[in-house]
Amino acid sequence: MFPLRVACVGLVLLTACASSNKSASPAREARARTAAAPGGELLSYGFDPRDPVRVGWGNQGVLAFLELLRGPQGQRIAWRRVGPCCEADASPSRAPSLEVFEVTYEGLATPVRLYLDPHHGDAIYAPQGFTIEGLTSRAPPPAEEQPEVIEL
C-alpha cells in the first residue's frame, strides 16, 4: 500500500509542476516575430532553422510529416535528406537538433529546403506553398464522432 501512495504523490507532483502555458514556446515566439503574408501565412516557418517544423517523435515523426506533406494542389512530394543542421548548437553528448530536407513536387521550379525538428513537438502547420493531407481544420470533431471514453 505504501508504494501505491508514493506513486500517487509522485504523479500529483509531476502534474502540478507541468506548465500548460504554451504561449512561451520558442516556436510560437519565432512565429510571432515572423512577417506574415496578406493571407496570414507564415513566410519563414519551416524554411529557416530558427523556426523549424517541430514534428517530434524522432524519425517516425519526420517520416509521418513528409508522408502527409503535399504541394498546393495536393501533389505528392519528393524529398531527399540533406543532413543534420546547426551542429554548432549541439553539445558533443547529444545529436544535432534539426534535420534538413530538400523537397520538391511537380510544378515547383527548384527544390526548397525544409528544416524539421524531430526531437521537439509542437502544433504542425504546412509551410508556405505546401498543404498537409487530411488537415482541413484545427477544430475538434463533433461530439457524435468522438470515440467513447472508457474509464479504467
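Above this text you will find the structure in question.
Keep in mind that what you see is a predicted model, and the values were worked out from it rather than measured.

Peer 1: Can you help me understand the overall build of the protein chain in this one?
Peer 2: Counting its regular elements, the protein chain contains three helices and six strands. Across the protein chain, helices and strands are ordered from the amino to the carboxyl terminus as α-α-β-α-β-β-β-β-β. For the protein chain, buried positions account for 29% of its 152 residues. At a minimum sequence separation of 6, the contacts of the protein chain that also span at least 24 residues come to 53%. Carbon and sulfur atoms form 59% of the exposed surface of the protein chain, whose accessible area is close to 10,600 Å².

Peer 1: Hey, could you run me through unusual backbone geometry in this one?
Peer 2: Glycine aside, the phi torsion of most residues is negative, and most peptide linkages are trans. Unusually for a residue other than glycine, Trp57 sits at a positive phi of about 65°. Among the structural elements, Trp57 can be located in the loop between strand 1 (53–54) and helix 3 (58–68). Residue classification places Trp57 among the exposed residues on the basis of a relative accessible area of 75%.

Peer 1: Would you explain the side chain of Glu99 in this entry?
Peer 2: Structurally, the position occupied by Glu99 is in strand 4 (residues 98–105). Residue class for Glu99 comes out buried when judged on its relative accessible area of 14%. Only 2.6 Å separates the side chain of Glu99 from the side chain of Arg81, close enough to count as a polar contact. Those residues within four positions of Glu99 in sequence are excluded, and the remaining contacts are Arg81, Gly83, Pro84, Leu114, Tyr115, Leu116 and Pro118.

Peer 1: Would you explain helix 3 in this entry?
Peer 2: Within the span of helix 3, buried status applies to Gly61, Val62, Phe65 and Leu66. Seen along its axis, helix 3 keeps its buried residues to an arc of 130°; they face one direction. In helix 3, those exposed residues whose orientation departs by more than 90 degrees from the buried face are Asn59 and Gln60. Taken together, the buried residues of helix 3 touch strand 1, strand 2 (69–70), strand 3 (77–85), strand 4, strand 5 (112–117) and strand 6 (131–132).

Peer 1: Which parts of the structure should I look at to understand the sheet that holds strand 3?
Peer 2: Each strand in a sheet pairs with its neighbour through backbone hydrogen bonds, running either in the same direction (parallel) or in the opposite one (antiparallel). Taken in spatial order, the four strands line up as 1-5-4-3 in an open sheet, and their pairing is mixed. Sheet topology places strand 1 and strand 3 at the edges, where each strand pairs with a single neighbour. Here five bridges tie strand 4 to strand 5, and the two strands are oriented antiparallel to one another. In the sheet register, Glu99 faces strand 5, and the bridge partner there is Leu116.

Peer 1: Looking at this model, I keep getting lost on the nonpolar core. Mind explaining?
Peer 2: The tendency in soluble globular proteins is for nonpolar side chains to be buried side by side. If you look at the biggest cluster of nonpolar residues, it comprises 15 residues, and the most contacted ones within it are Phe65, Leu66, Leu69, Ile77, Val103 and Leu116. With residues up to four places along the chain from it excluded, the contact list for Leu69 reads Ile77, Val103, Leu114, Pro127, Phe130, Thr131 and Ile132.

Peer 1: I tried to follow the pattern of salt bridges on my own but got confused; where do I start?
Peer 2: If charged atoms from side chains of opposite charge come close, those side chains can pair. Considering all chains together, one arrives at seven salt bridges under this definition. The partner of Arg81 in a salt bridge is Glu99, and the shortest N-O contact between them spans 2.6 Å. Taken together, the residues span a long stretch of sequence, with Arg81 in strand 3 and Glu99 in strand 4 at a distance of 18 residues. Its relative accessible area of 44% is what places Arg81 among the partly exposed residues. Across the salt bridge formed by Glu102 and Arg113, the nearest N and O atoms sit 3.8 Å from each other. Linking Glu102 in strand 4 with Arg113 in strand 5, this pair joins segments that are eleven residues apart in sequence. Overall, Glu102 belongs to the partly exposed group, its relative accessible area being 22%.

What counts and what doesn't
Residues numbered from 1 in each chain as written. Predicted model: local features only at pLDDT ≥ 70, side-chain atom pairs only at ≥ 80, totals over all residues. Heavy atoms only, no water. Helix = DSSP H or I, 4+ residues; strand = E, 2+ residues; numbered from the N terminus. Buried < 20%, exposed > 50% of the residue type's maximum accessible area, 1.4 Å probe, protein only. Contact = heavy atoms within 4.5 Å. Areas by Shrake-Rupley, 256 points an atom, 1.4 Å probe, with all protein chains shown as cover. Polar contact = N/O pair within 3.5 Å; in protein donor to acceptor, adjacent residues only side chain to side chain. Arc of directions from axis to C-beta. Pairing = 2+ DSSP bridges. Core = buried A, V, L, I, M, F, W, Y, C linked by side-chain atoms within 4.5 Å. Salt bridge = Lys/Arg side-chain N within 4 Å of Asp/Glu carboxyl O.

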